[in-house]
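Per-entry structural report
Residues per chain, in single letters:
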Amino acid sequence: MTHRGYRRLGDAAVPGVILIAFVAGWEAVVALGWVRPIQVPPPSRIVASALELALDGFPAGTLLGEHVGITFLRILTGYALALALAMPLGLLIGSNRTLDAATAPIVTFCRSVATLSLLPLAVVWFGVGEASKVFLIGYGCFWVMLSNTIAAIKLVDPVLISAARTMDTPPAHIFFKVALPAALPRMVAGARVALGVGFMVIVGAEMIGTTRGLGALIMEARTFYRSDITVVGMFVIGAIGLALSWGLTCAEAWLLPWERRQQERDP
Amino acid sequence: MTKPVRLDNPVIEIVDVSKRYQTEGATAVNVLDHINLSIRENEFVVLLGRSGCGKTTLLNVIAGLTPVSEGEVRVNGERVAGPGKGKGMVFQQNALFPWLTAKRNIAFAAINRGLTRKLADNLASDLLNLVDLAGAGDKYPFELSGGMQQRVAIARALALDPKILLMDEPFGALDELTRNEMQDELLRVWSARRKTLVFVTHSIWEGLMLADRVIVMSPRPGQILLERRIELPRPRSRTDLTLLATYDEIWAALDHKTLTAMPARKAAS
């Protein structure tokens, strides 16, 4: 192995060692009785619980895979609906000064309302079934995406529009072939933030009327004093968020080839 | 290289043009104050002045991007009502579409005037050759240096096949060496594709190296201070005695205006 190869191995080893030390310390703290397992479940217990969840299921035999699937479906449905509504509406509002001035307070107001405070109303409106959960996720994602889309189209560099106008670009093309691609990077950034909001809302959205889904799993675990299962639920939500974020990065690179390299150049 | 072309039919006529901006609470700012100027076919005119003297506003007025408050601009006898229609424009910087490659940026302009995609591509390749960027067609603007980006911008404006080329401090953001290089490049391109060219700059040297005629403007109100025709053939030497004399003359005009406009500074020095 080359000198450089050893160095690279060393670079990789440092975070690995830190991680192992952290996990070992965590296990030890519980084993020595400094904290109770119900407060901080030890890693060994979490791994066992994860296996139990995946193979036997909790509560009442619902397997981990089912929880993941149903949560995934709820988030994606709410998210997709939010994006499908927020993007065209945001483009419309952002490209019309009067409309923007008229709607700005409403957008800020609705965005500021904590999504989960709508939970009781959502249940009244949509019942305790899937609709209320999708609504809450959609609500959270919608306002974030809307305000980002409005900003994206408003912040398009006017020189690009001027340039297009000096090139006899038809008005429809100025919007679709100039303003829209120019706004796209900020819109994608907004879509990323909105997805994060979807994940923040999920636990609350699954609090009522279901025992399936990662949020419900976490709530049920509380009822049964199973902190270990709560932690497994947290980890899985984190892991899905990480995977989706990574997927979005790939989608961005494909959708915005000019933007990705720019980011790499000026970090 | 080339002699100034003299034709009597003006291509661009600026007739008594004023532009005022109404600022909130304050009195209107006279950015352009009764400007009269005629530009002949294939003439290279440089608008020169300090920041805020209205030279860019005047260029935008000719382009049809900025409406006038008074007077009118005519191109080939027709009143300018909006941008486009044979008036190509090169901006200071970052006006290329970042999501299109160099070649697609140029083709964008060509397709707008009705060329098929294939013809537009061919034209884009020709123009890339003309601006010495034959190998850079597939690069995105961010992959190009500032000078190369402006070459693409010039090619893009030429793809419209405009009669008039308007340039707003196109080399203002470049370093001096690149800037000199781009000036030579522009003269080369201009000699290959004759256009009526209006070029805005705040560099006296740039004006002297390029122009058939330098129009010196003063700020607030924006007026024409001085007009000098430069008959020297191109390429011009920076140490040419006539040019040095003209430089002094222009600087004296600009400097005088500054001293009278800012008495506080004069008193302090």
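Residues numbered from 1 in each chain as written. Chains lettered and ligands numbered in written order. Predicted model: local features only at pLDDT ≥ 70, side-chain atom pairs only at ≥ 80, totals over all residues. Heavy atoms only, no water.

We now examine the sheet that holds strand 7 (residues 164–168) of chain B. Residue and element names in this part refer to chain B. Taking strand neighbours across the sheet as the criterion, the six strands line up as 6-7-8-3-9-10 in an open arrangement whose pairing is mixed. In this open sheet, the two strands that pair with only one neighbour each are strand 6 (87–90) and strand 10 (223–229). Here the average twist between neighbouring strands, direction ignored, is 20°. Here strand 6 pairs with strand 7 via four bridges, running parallel. Its bridge partner lying in strand 7, Lys87 is registered against Ile164. (Pairing = 2+ DSSP bridges. Helix = DSSP H or I, 4+ residues; strand = E, 2+ residues; numbered from the N terminus. Axes fitted to C-alpha atoms, helices over the stretch in contact; angles between N-to-C directions.)

This brings us to the sheet that holds strand 1 (residues 10–21) of chain B. Residues and elements named next belong to chain B. Ordered by their spatial adjacency, four strands build an open sheet running 2-1-4-5, and the pairing between neighbours is antiparallel. Since the sheet does not close on itself, it has two edges, and those belong to strand 2 (29–40) and strand 5 (78–79), each with one partner. As paired strands, strand 1 and strand 2 are joined by eight bridges and run antiparallel to one another. Within strand 2, the position partnered with Lys19 by the bridge is Leu32. Along the sheet face, helix 1 (residues 55–63) touches strand 1, strand 2 and strand 4 (70–75) and points at about 120° away from the line of strand 1. (Contact = heavy atoms within 4.5 Å.)

All names here are of chain A. Size it by volume and the second largest pocket reaches roughly 400 Å³. Counting only elements with at least two residues in the lining of the second largest pocket, the list comes to helix 4 (97–112), helix 6 (130–154), helix 7 (158–166) and helix 8 (171–205). The biggest single contributor to the lining of the second largest pocket is helix 7, with three residues. Each residue belonging to the lining of the second largest pocket can be placed in one class, and the counts come to six nonpolar, four polar and three charged. (1 Å grid on protein atoms, 1.4 Å probe; cavity = no way out; pocket = protein on both sides within 12 Å on 5 of 7 lines; lining within 4 Å. Points joined across faces, edges and corners; volume = space filled by probe spheres on them. Nonpolar A, V, L, I, M, F, W, Y, C, P; charged D, E, K, R; others polar.)

Right, let's get into the pairing of strand 4 of chain B. Note on strand geometry: in a regular strand, side chains alternate between the two faces of the sheet. Residues and elements named next belong to chain B. One ladder, built from five bridges, connects strand 1 with strand 4; its direction is antiparallel. In the sheet register, Ser18 faces strand 4, and the bridge partner there is Glu70. Sheet topology note: the strand 4/strand 5 ladder contains two bridges and is antiparallel. Its bridge partner lying in strand 5, Arg74 is registered against Arg79.

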